[in-house]
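Here are the chains, one letter per residue:
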Amino acid sequence: MTDGAPVTTIVDAEVAGTRVDVRIERGRIERIGASLPRSGTRLVRAGGGALLPGLHDHHLHLLAMAARDRSLDVGTVADPVGFDLRLRAAHERLPDGEWLRVVGYDEAHGPLHPDRLDQLAPGRAVRVQHRTGAAWLLSSTGATVAGLEPHTGWRHRDDERLGRSWQGDAPPDLAAISARLASYGVTGVTDATPSTEPEAFETLATARARGELPQRVVVTGAPALASHRPPDGLEAGPVKIIVADHDLPDPDLLATWFQVAHRAGRPVAVHCVTRVALVLALVAWEQVGAVPGDRVEHASVVPVELVGPLASLAVQVVTQPAFIHAHGDRYLRTVDRDDRPHLYRCASLIEAGIGVGGSTDAPFGPEDPWVAIRTAANRRTRGGKVLGAHEAVPARTALDGFLSHPDAPGGPPRQVDIGAAADLCLLDAPLDQVLVEPSSRNVTATWVVGELLRTQM
Ligand SMILES: [Zn+2]
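Residues numbered from 1 in each chain as written. Predicted model: local features only at pLDDT ≥ 70, side-chain atom pairs only at ≥ 80, totals over all residues. Heavy atoms only, no water.

Enquirer: Got a minute to help me understand the environment of serine 440 in this structure?
Expert: Along the polypeptide, serine 440 turns up in the loop between helix 15 (431–434) and strand 20 (443–448). The contact partners of serine 440, leaving out residues within four places of it in the chain, are Ser183, Tyr184, Asp368 and Trp370. Here aspartate 368 takes part through its side chain, which lies 2.6 Å from a polar atom of the side chain of serine 440. (Helix = DSSP H or I, 4+ residues; strand = E, 2+ residues; numbered from the N terminus. Contact = heavy atoms within 4.5 Å. Polar contact = N/O pair within 3.5 Å; in protein donor to acceptor, adjacent residues only side chain to side chain.)

See the structure below:
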């Protein structure tokens with residue numbers, strides 16, 4: 001994938017609406033000018049295509065993405081019959097003794113209990129992840145392997161403990177993830193996994209050290225790791241705090257977690273997917289105050305009366321417009337009519353002065369940020385319905401959410417400027433043209449710190 005890049009590259013491209021030469025040297029943008037001397041350089045003729053800062057995905061889960069690549073994904077299966085067929089077929093294909101990992105289960109696939117899994121895959125250790133990623137159900141054999149009661153129910157947010165039972169799985173292929181991210185022009189990510197053990201960062205650090213994951217990686221981790229410095233190659237981002245709806249935290253405990261993070265010099269990233277979770281988070285913020293970089297993750301439901309308080313705290317929102325695309329048809333069927341106008345707000349938050357950072361929540365949402373950019377603008381579900389048209393924003397605004405700095409999601413977009421790190425995304429046409437129907441098909445080259453990761457030219 002990596003192209004042995006010569007020391008100096010010149011890209012002849014559109015930057016901020018003007019056709020210029022951009023000279024990349026030693027990982028930085030060294031010069032920008034109308035026509036720079038080109039001898040002894042590698043010239044990339046973009047033909048007027050736009051050169052942008054590389055996209056930063058403000059919320060995803062790298063190891064879960066790698067695990068999904070090795071899983072049976074039932075996310076697009078419509079009904080219980082389809083679920084059973086797919087699971088049985090996967091069981092029959094898999095060698096004896098291996099775990100069958102299933103992702104994307106939701107209630108449309110019918111009630112799930114260990115007996116059903118045992119019937120579909122007799123004698124097999126099966127683990128099924130709920131669509132949200134927040135819970136697992138194990139077959140009897142799976143539970144036994146994991147040292148649990150054979151008929152244990154759904155296990156919520158227990159990944160690290162459960163994970164020890166499937167340590168024998170093949171190692172994650174992060175190089176494949178990195179290559180896909182490069183194909184979308186993504187040069188940096190914030191991994192929003194609420195890990196509680198420092199070892200959780202080692203796999204990512206090792207992949208970085210081996211050159212398998214050249215993108216910039218910001219990690220979060222749970223409050224227990226607030227003072228833990230991540231290993232070389234990874235950057236400490238906000239502390240991830242889960243306001244779990246199945247087990248709402250005590251408001252004082254929540255406030256204490258915020259303080260632990262702030263005292264460690266880190267902002268918080270607070271997972272809120274319901275009204276009540278958001279109310280609790282706001283109460284905690286009102287108690288302990290907000291620091292720059294504090295953010296609400298998802299903000300799936302923001303009742304209009306909470307927009308003002310969010311704005312006055314100056315916290316940011318890291319949203320996932322592509323959930324409207326991927327799950328909007330289900331929201332229209334199942335979400336309370338009262339909550340629908342408040343789903344995945346974008347325009348009203350920005351109007352209130354709240355920074356809105358772009359993200360995908362991959363693998364729980366579509367991993368291509370251009371799907372999110374497109375959906376932020378058209379608010380269309382996969383089935384073609386429009387959800388929350390009043391929250392649509394121009395595609396340029398949605399793109400800017402992915403160009404904002406990892407420390408300030410939704411803050412000012414990074415620029416292609418002299419001296420900036422050469423983390424760049426090249427498109428095949430001028431930006432205005434691409435934004436009419438934004439797509440990652442328009443990405444033709446991606447550089448991280450001046451290294452060409454991908455080119456279609
Ligand atoms: Zn997430």
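Enquirer: When you look at the environment of arginine 131 in this model, what are you seeing that I'm missing?
Expert: With respect to the helices, strands and loops of the structure, arginine 131 is situated in the loop between strand 8 (126–130) and strand 9 (135–138). Along the chain, arginine 131 and proline 363 lie 232 residues apart, while their C-alpha atoms are 9.7 Å from each other. The contact partners of arginine 131, leaving out residues within four places of it in the chain, are Gly104, Tyr105, Asp106, Glu107, His327, Arg330 and Phe364.

Enquirer: Looking at this structure, I do not really get helix 13 (residues 369–378). What am I missing?
Expert: Side chains that are three or four residues apart share a direction in an α-helix, a result of its 3.6 residues per turn. Burial within helix 13 is extensive, with seven of its 10 residues counted as buried. Those residues of helix 13 lying buried are Pro369, Trp370, Val371, Ala372, Ile373, Thr375 and Ala376. Between the side-chain oxygen at the start of helix 13 and the backbone nitrogen of tryptophan 370 there is a gap of 2.8 Å, and the oxygen is on aspartate 368. Once helix 13 finishes, arginine 379 follows within two positions and takes phi at roughly 50 degrees, a positive value. (Buried < 20%, exposed > 50% of the residue type's maximum accessible area, 1.4 Å probe, protein only.)

Enquirer: Would you mind showing me how to read the coordination of the zinc ion here?
Expert: Geometrically, a metal with four donors at the corners of a regular tetrahedron has ideal angles of 109.5 degrees, and one with six donors at the corners of a regular octahedron has ideal angles of 90 or 180 degrees. Note on the zinc ion: its protein donors are His59 (NE2), His61 (NE2) and Asp361 (OD). The metal-donor distances range over 2.0 to 2.1 Å. Ordering the donors of the zinc ion by residue number gives the pattern H-x1-H-x299-D. One exposure class covers both histidine 59 and histidine 61, and it is buried. (Donors = N, O, S within 2.8 Å, 3.2 Å for Na, K, Ca; no water.)

Enquirer: In this structure, what is going on with the side chain of threonine 446? I would like to understand it.
Expert: Secondary-structure assignment places threonine 446 in strand 20. A polar side-chain atom of threonine 446 sits 2.7 Å from the main-chain carbonyl oxygen of alanine 182. Residue contacts for threonine 446: discarding those within four places in its chain leaves Ala182, Gly185, Val186, Thr187, Leu424, Glu451, Leu452, Leu453 and Arg454.

Enquirer: Before we go on, may I ask you to explain unusual backbone geometry in this structure?
Expert: For residues that are not glycine, phi is negative in most cases, and the peptide bond is trans in most cases. With omega at 5 degrees, the peptide bond leading from alanine 362 into proline 363 counts as cis. Note that proline 363 resides in the loop between strand 18 (356–358) and helix 13. The residue aspartate 361 is not glycine, and still its phi comes out positive at about 55 degrees. In this structure, valine 449 is a non-glycine residue whose phi angle is positive, near 45 degrees. Note that valine 449 resides in the loop between strand 20 and strand 21 (451–455). Here valine 449 falls in the exposed class, since its relative accessible area comes to 51%.

Enquirer: What is the right way to read the nonpolar core from this model?
Expert: One broad trend across soluble globular proteins is that nonpolar side chains are buried collectively. Counting residues in hydrophobic clusters, the biggest one holds 74 residues, and the most contacted among them are Leu62 and Trp370. If you tally residues by element for this core, the top one is helix 9 (residues 275–288), at seven residues. If near-sequence neighbours (up to four positions away) are discounted, tryptophan 370 is found in contact with Leu52, Leu55, Tyr184, Leu399, Cys425, Leu427, Val434, Pro438, Ser439, Ser440 and Val443. The next biggest cluster of nonpolar side chains, apart from the first, holds 17 residues, and it includes Ala13, Val44, Ala422 and Leu426. (Core = buried A, V, L, I, M, F, W, Y, C linked by side-chain atoms within 4.5 Å.)

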